[in-house]
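The chain contents come next:
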2 protein chains.
Amino acid sequence: MNRRSFIGSTVIAGAVTIAQPVAAAPPPAEEKHVTQTLTRYLVAAKFEDLPEAIRTEAARSLLNWVGVAVGGSHHEGVEIALATVAPFAGPAQAAVLGRKERLDIMNAVLLNGISSHVFDFDDTDLTTAVHPSAPVVPVLLALAEYRKVSGQDFINAMVLGIEAECRIAHAVTPTMQDAGWHATGSVGAFGAAVAASKLLGLDETRMCHAIGLAATQPVGLREMFGSMTKSFHPGRAAQNGLLAALLAEKGYTSSLQGIEARRGWANVLSTKHDYAMITEGLGSHYEISRNSYKPFACGLVVHPVIDGCIQLRNENNLTADMIDRIDLGIHPIVLELTSNRTPRTGLEGKFSVYYAAAIGIVVGRAGEAQFSDAQVRDPVVTGLRDRVETAVDPSLTQDQARVKIRLKDRRVLERFVEHAVGSVENPMSDAALDAKFTDLASGILPDGQARKLLALCRGAERLADAGDIARAAAA
Amino acid sequence: MNRRSFIGSTVIAGAVTIAQPVAAAPPPAEEKHVTQTLTRYLVAAKFEDLPEAIRTEAARSLLNWVGVAVGGSHHEGVEIALATVAPFAGPAQAAVLGRKERLDIMNAVLLNGISSHVFDFDDTDLTTAVHPSAPVVPVLLALAEYRKVSGQDFINAMVLGIEAECRIAHAVTPTMQDAGWHATGSVGAFGAAVAASKLLGLDETRMCHAIGLAATQPVGLREMFGSMTKSFHPGRAAQNGLLAALLAEKGYTSSLQGIEARRGWANVLSTKHDYAMITEGLGSHYEISRNSYKPFACGLVVHPVIDGCIQLRNENNLTADMIDRIDLGIHPIVLELTSNRTPRTGLEGKFSVYYAAAIGIVVGRAGEAQFSDAQVRDPVVTGLRDRVETAVDPSLTQDQARVKIRLKDRRVLERFVEHAVGSVENPMSDAALDAKFTDLASGILPDGQARKLLALCRGAERLADAGDIARAAAA
């Protein structure tokens, strides 16, 4: 074996190892202070600055996230993770949502981050594919139980954590994701660190150090998609950010240019970056305003089809036996990803546009319960599924679909879905979010408790003690 | 701001998000099973397979590592990290070396990983710049206290953990490091995961999952060098690997191709890789045989100078007042990194080849104590320091130096250092390692306890309970 030497190409200097002398041209002046510019804004930003619409959207994001975390709380991956950490966990400081167990803040954050992503049913920034809440909200809930936090501070820290992670993601999209990083994991620690830093009241220098400590702990290879490790990513990112903020609070030092330095986060994880995405328009535009929520517990690419089927079903009181055949006009990506004609398990059902159309007609919804193994094998559904045909229509966007249903009585029903429900242009209504929450909490929390929890989330900014949310979310 | 969409370039498929259909040609067949080939060897490898020389080198690595961990155990960075994690730490399961505090295994591993790297005085693989023991040994010690582990199993797991991390590092050296990754952090979790997996007795599938979970948690940007965060890297890598193995033990799933998959570790962290470095010669060559130990508590680049100065000092009973001037012939990199003519602090002293030569003459050693602020300002030393001159000699390698000392009595002493002490070609003797250990433990552990600990490390493979090492290393 012929080893290539690293020492020969760069240099180890010892007790403190030094970076190689900079050979490339220095970055333009405005790139030198990306981390500090962002941090200065974050430290100063107050709840009172937040527009009404942003506060409302934060409550919607919180409500949606708590619902999916409670709903996912008994998934096999969560059970394994809990059994793994329990023997070395610390004091019972924070709730594991949807469960009776309490853990120390650091381990609670891992578990809640995992729970909230196991169904991939949490909120999404559609441009970067970041799931903004999953690394941020677990940290806020744990700290809110651990140190008393007002509802206003909670919402402000949530908005700012999401602001930081989404802006940093925008700066490297799509290059970073194309390189193989799972964005939720690789930027998540920034969101968690910033949210925690706000609640801890860190000054600019310490928040910069927290961001540096977050930068040095990116999580998440896209290779892990399809295994339990995918939902581990936001959980670990949440822990990484929380630990970063707690270390920085006590004076642990890091870089003040963790994002933009020559060997900082952006250069190491991505070949391209646009730092204006991080530093421009701070305080005038809020990333959370573009957050989206999924109505259906499957891939976004089949959402337009399900949406159209449910609309026609409800408007015409359709049942499967009335239908001769269904013709779908779909974006090309739909068949690339969900072309399974004969799914046999719930998971396979998520990758079948044929099943998706059928379940929309038969049940009129497509929550997690509609992707059970039993449901996928239901003869009424499989009978209808086999009467679904697809045709690729390159003129459609990814959130569009055409649904044409020919009835046995010769009538033809058609629907063009211009923007699927759950897209930024056609967001889920408050009522739909409430129904999704109630569905997810059902069977895990008693109905009365679920209603109370829902109300706490909607009114989070008015709480004297935001820890009430975490306590009400425990089984 | 004009956002570039990730969703447009790749695809989010939902409940399980799927990787983009592979556009590039599939990798050659032999690249498909790198992780499994490595794992198959690691699972089967037994202590009885280890050559005598490898077992001896493992004991030397262990001894050196325990010494530096004890020595670093009261560094400011360790104090901050301990104060940070203490409030949420779990049961007192494992020792924090050099201290009286005990923590749960996961937090003990973080602290011991940090302690062992704060002086940058731990062992080094000189080709990859990986510090092999720092992410591995903390995990072994914690598990040895937590579940009884024989000395033979301990040494075997240590050798194999180091084998895995160094081989994986070789496969991407120097590209990964040049991209900005701190190799000890970015490969450390592999070493920790493999070492833990061996002690936990994981089968091939579970060890593959552990390696996948390690792959998805690389730590460490080189930007952090010069701050406390550098020594955080091996500590966090150790935790990442331990958690990976514990999750995999209980059935948490990940990829079986974590290293070599299209969006796996090697492709995401490095633009080039040579998988033969990982899979060839398993069981016939051992990476630990190339491990090196630093005799001096500063950058490797000044080691040849210090070595030559100490040799001439000891052979000629030199004192500073005998010396007219010192002329050093040095590799070009020495002045790039250590050209500080007038260091004022201990840390600055590590970056001054002038101080390094002077301290070698005046004290005859260059341990951590010789890089105190007081020592750097000592007038005898600064006087001699100002009589040191340097000349770059491009014919020298990095472990070579020429030292020429002109005495006031007109005599001229010369020494060509062909391989500095501590290099692979000229390793530290057992006696020198013992002395380094004793120096580092001095003032932290009572002399008798330090001697006992030293003996436990040297004879680790004969221990019925390797946890004795951790217990003897606690203050």
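Nothing here was measured: the structure is a model prediction, and the numbers come from that model.

Student: Even after reading the chapter, I still don't get the overall build of chain A, so can you show me in this structure?
Tutor: Scanning chain A from terminus to terminus reveals 21 helices and 8 strands. Taking 475 residues into account, the globule formula puts the C-alpha radius of gyration at 23 Å, and chain A, at 23 Å, falls close to it. The principal-axis extent of the C-alpha atoms belonging to chain A is close to 80 × 55 × 50 Å. Counting over 475 residues, chain A shows a buried share of 64%. Contacts in chain A between residues far apart in sequence, at least 24 positions, make up 76% of those at least 6 positions apart. With an accessible surface of roughly 15200 Å², chain A has 50% of that area assigned to carbon and sulfur atoms. Looking at charge distribution, chain A has the averaged site of its 46 positive side-chain charges lying 3 Å from that of its 52 negative ones.

Student: Looking at this structure, how should I read the sheet that holds strand E8 (residues 412-417) of chain A?
Tutor: All names here are of chain A. Ordered in space as E6-E5-E7-E8, the 4 strands form an open sheet in which the pairing is mixed. With partners counted over all chains shown, the strands left at the sheet margins are strand E6 (388-392) and E8, one partner each. Looking at each pair of strands side by side, their axes are set apart by 15° on average, direction ignored. In this structure, strand E5 (residues 323-330) lies alongside strand E7 (residues 401-407), joined through 6 bridges in antiparallel fashion. If you follow Leu 328 over to E7, its bridge partner there is Val 403. Against the sheet, helix H13 (residues 303-316) makes contact with E5, E7 and E8, and its axis sits at roughly 135° relative to E8, the strand it touches most.

Student: How should the relation of the copies chain A and chain B be read in this particular structure?
Tutor: What relates the pair of chain copies is a rotation about an axis plus a shift along that axis. Superposing chain A onto chain B takes a rotation of 180° plus a shift of 0.0 Å along the axis, which leaves an RMSD of 0.1 Å. Taken together, the turn and the small shift mark the pair as related by a two-fold rotation axis. Identified as the residue of chain A closest to the rotation axis by C-alpha distance is Gly 90 of chain A, at 1.7 Å. In this assembly, 99% of the residues forming the interface of chain A have copies in chain B that are likewise at the interface, indicating an isologous arrangement.

Student: Could you clarify how one ought to interpret helix H6 (residues 151-172) of chain B in this entry?
Tutor: Residue pairs three or four apart in sequence face the same way in an α-helix, which turns once every 3.6 residues. Here H6 of chain B spans 32 Å end to end across 22 residues, near enough to the 32 Å set by a 1.5 Å rise per residue. Of all 22 residues that make up H6 of chain B, 20 are buried, and the element is covered over most of its length.

Student: Can you help me understand the packing of aromatic side chains in this one?
Tutor: Each aromatic ring pair is described using two quantities: the centre-to-centre distance and the angle formed by the ring planes. Across all of its chains, the model carries 7 aromatic pairs over all chains by this definition. Where Tyr 252 of chain A meets Phe 232 of chain B, the ring centres are 6.4 Å apart and the plane angle is 70°; that geometry is what we call edge-to-face. Here Tyr 252 of chain A, found in the loop between helix H10 (229-249) and helix H11 (265-269), pairs with Phe 232 of chain B, found in helix H10 (residues 229-249), and the two come from separate chains. Relative to Phe 371 of chain B, the ring of Tyr 355 of chain B lies with its centre 5.8 Å away and its plane at 65°, an arrangement referred to as edge-to-face.

Student: Got a minute to help me understand the sheet that holds strand E6 (residues 388-392) of chain B in this structure?
Tutor: Within a beta sheet, neighbouring strands are joined by backbone hydrogen bonds and run either parallel or antiparallel to one another. Residue and element names in this part refer to chain B. Taken together, the 4 strands give an open sheet; going across it, the order is E6-E5-E7-E8, and neighbouring strands pair in mixed fashion. Of all the strands in the sheet, just E6 and strand E8 (412-417) have a single pairing partner and so form its edges. Direction aside, neighbouring strands of the sheet carry axes that sit 15° apart on average. Across 5 bridges, strand E5 (residues 323-330) lies against E6 in parallel orientation. Counted as the bridge partner of Leu 328 is Thr 390 from E6.

Student: For this particular structure, what's the right way to read the interface of chain A and chain B?
Tutor: Taken residue by residue, the interface counts 118 residues in chain A and 117 residues in chain B. Summing both partners gives a buried area of about 9500 Å² for chain A against chain B, and 65% of it is carried by carbon and sulfur. Counting across the chain A and chain B interface gives 0 salt bridges. Counting across the interface, chain A meets chain B through 26 residue pairs in polar contact (both at pLDDT 80 or more). Take the side of chain A that touches chain B: its biggest share by element is 11 residues, from H10 of chain A. When the residues that make up the side of chain A that touches chain B are grouped by side-chain class, the tally is 60 nonpolar, 39 polar and 19 charged.

Student: In this structure, what is going on with the packing of helix H1 (residues 34-44) of chain A against helix H6 (residues 151-172) of chain A? I would like to understand it.
Tutor: For any two helices packed against each other, one specifies the inter-axial angle together with the distance between the axes. Residues and elements named next belong to chain A. As a packed pair, H1 and H6 sit with axes 11 Å apart at the nearest point and diverge in direction by 165°. Overall, the two elements H1 and H6 adopt an arrangement that is roughly antiparallel. Here the hand of the crossing between H1 and H6 comes out right-handed. For the pair H1 and H6, the contacting residues are Leu 38, Tyr 41 and Leu 42 in the first and Leu 160, Ala 164 and Ile 168 in the second. Residues that form the contact of H1 with H6 fall into these classes: 6 nonpolar, no polar and no charged.

Student: Would you take a moment to explain the pairing of strand E7 (residues 401-407) of chain B for this structure?
Tutor: Note on strand geometry: in a regular strand, side chains alternate between the two faces of the sheet. All names here are of chain B. The side-chain alternation of E7 yields one buried face, formed by Ala 401, Val 403, Ile 405 and Leu 407, and one unburied face, formed by Arg 402, Lys 404 and Arg 406. Sheet topology places E7 next to E8; 6 bridges connect them, and they run antiparallel. Pairing of Arg 406 across the sheet is with Val 412, part of E8. Where E7 folds back onto E8 in an antiparallel hairpin, the turn is made up of 4 residues, including Arg 410, whose phi is positive at roughly 80°.

Student: Is there a simple way to explain the pattern of salt bridges in this structure?
Tutor: Two side chains carrying opposite charge are able to pair once their charged atoms lie near each other. Summed over the entire model, instances satisfying the criterion amount to 52 salt bridges over all chains. Where Arg 471 of chain B meets Asp 468 of chain B, a salt bridge forms, and the shortest distance between an N and an O atom there is 2.9 Å. Note that Arg 471 of chain B and Asp 468 of chain B are positioned in helix H21 (residues 467-472) at a spacing of 3 residues, about one turn of the helix. In this structure, a network of salt bridges that share partners links the residues Glu 57, Arg 60, Asp 430, Asp 434 and Arg 458 of chain A.

Student: In this structure, what is going on with the confidence of the model for chain A? I would like to understand it.
Tutor: Detailed conclusions should not be drawn from predicted coordinates in areas where pLDDT is low. Of all residues in chain A, 93% attain a pLDDT of 70 or more, and the chain-wide mean is 93. Scored below 50 in pLDDT, residues 7-24 of chain A shows 64 contacts in the model against residues more than four places distant or in partner chains.

Student: Looking at this model, I keep getting lost on the state of the cysteines. Mind explaining?
Tutor: Any covalent bond linking the sulfur atoms of two cysteines counts as a disulfide. All names here are of chain B. Counting across every chain of the model gives 0 disulfides over all chains. Cys 457 carries a free sulfur, and the closest cysteine sulfur to it, the one in Cys 166, is 19 Å from it. Residue classification places Cys 457 among the buried residues on the basis of a relative accessible area of 0%.

Student: What's the story with unusual backbone geometry in this structure? I'm lost.
Tutor: Negative phi values dominate among residues other than glycine, just as trans dominates among peptide bonds. Residues and elements named next belong to chain A. Backbone torsion omega between Thr 173 and Pro 174 reads 5°, so that peptide bond is classified as cis. Along the chain, the position of Pro 174 falls in the loop between H6 and helix H7 (175-179). One non-glycine residue, Asp 120, lies in the positive phi region at around 50°. Its location among the elements puts Asp 120 in the loop between helix H4 (105-115) and strand E3 (124-125).

Student: I tried to follow the packing of helix H5 (residues 133-146) of chain B against helix H8 (residues 183-200) of chain B on my own but got confused; where do I start?
Tutor: Residue and element names in this part refer to chain B. At a minimum axis separation of 7 Å, H5 and H8 run at an interaxial angle of 30°. Between H5 and H8, the angle falls in the class roughly parallel. Like other packed secondary-structure pairs, H5 and H8 cross with a definite hand, here right-handed. Of H8, the residues touching H5 (which contributes Pro 135, Val 136, Val 139, Leu 140 and Leu 143) are Thr 184, Gly 188, Gly 191, Ala 192, Ala 195, Ala 196 and Leu 199. For the contact of H5 with H8, the class distribution of residues is 9 nonpolar, 3 polar and no charged.

Student: How should I be thinking about helix H2 (residues 52-71) of chain B in this particular structure?
Tutor: The end-to-end C-alpha separation of H2 of chain B is 29 Å, in line with the 28 Å expected for 20 residues at 1.5 Å each. Here H2 of chain B lies mainly inside the structure; 17 of its 20 residues are buried.

Student: What's the story with the environment of Asp 409 of chain B in this structure? I'm lost.
Tutor: Residue and element names in this part refer to chain B. Within the secondary structure layout, Asp 409 lies in the loop between E7 and E8. Residue Asp 409 is classed as partly exposed on the basis of its relative accessible area, which comes to 45%. On a C-alpha basis, the gap between Asp 409 and Glu 315 in space is 17 Å, while along the polypeptide they are 94 residues apart. For Asp 409, the side chain forms a polar contact with the main-chain nitrogen of Arg 411, separated by 3.0 Å.

What counts as what
- Residues numbered from 1 in each chain as written.
- Chains lettered and ligands numbered in written order.
- Predicted model: local features only at pLDDT ≥ 70, side-chain atom pairs only at ≥ 80, totals over all residues.
- Heavy atoms only, no water.
- Helix = DSSP H or I, 4+ residues; strand = E, 2+ residues; numbered from the N terminus.
- Rg over C-alpha atoms; globule rule 2.2 N^0.38 Å.
- Buried < 20%, exposed > 50% of the residue type's maximum accessible area, 1.4 Å probe, protein only.
- Contact = heavy atoms within 4.5 Å.
- Areas by Shrake-Rupley, 256 points an atom, 1.4 Å probe, with all protein chains shown as cover.
- Lys, Arg positive; Asp, Glu negative; His and termini not counted.
- Charge placed at Lys NZ, Arg CZ, Asp CG, Glu CD.
- Pairing = 2+ DSSP bridges.
- Axes fitted to C-alpha atoms, helices over the stretch in contact; angles between N-to-C directions.
- Least-squares fit on C-alpha atoms with pLDDT ≥ 70 in both.
- Expected span 1.5 Å × (residues − 1).
- Phe/Tyr/Trp six-rings, centres within 6.5 Å; stacked < 30°, edge-to-face > 60°.
- Buried area = accessible area lost by both parts, 1.4 Å probe.
- Salt bridge = Lys/Arg side-chain N within 4 Å of Asp/Glu carboxyl O.
- Polar contact = N/O pair within 3.5 Å; in protein donor to acceptor, adjacent residues only side chain to side chain.
- Nonpolar A, V, L, I, M, F, W, Y, C, P; charged D, E, K, R; others polar.
- Parallel < 35°, antiparallel > 145°, perpendicular 65-115°, else oblique.
- Left-handed = near helix turned anticlockwise from the far one by under 90°.
- pLDDT = per-residue confidence, 0-100.
- Disulfide = S-S within 2.5 Å.

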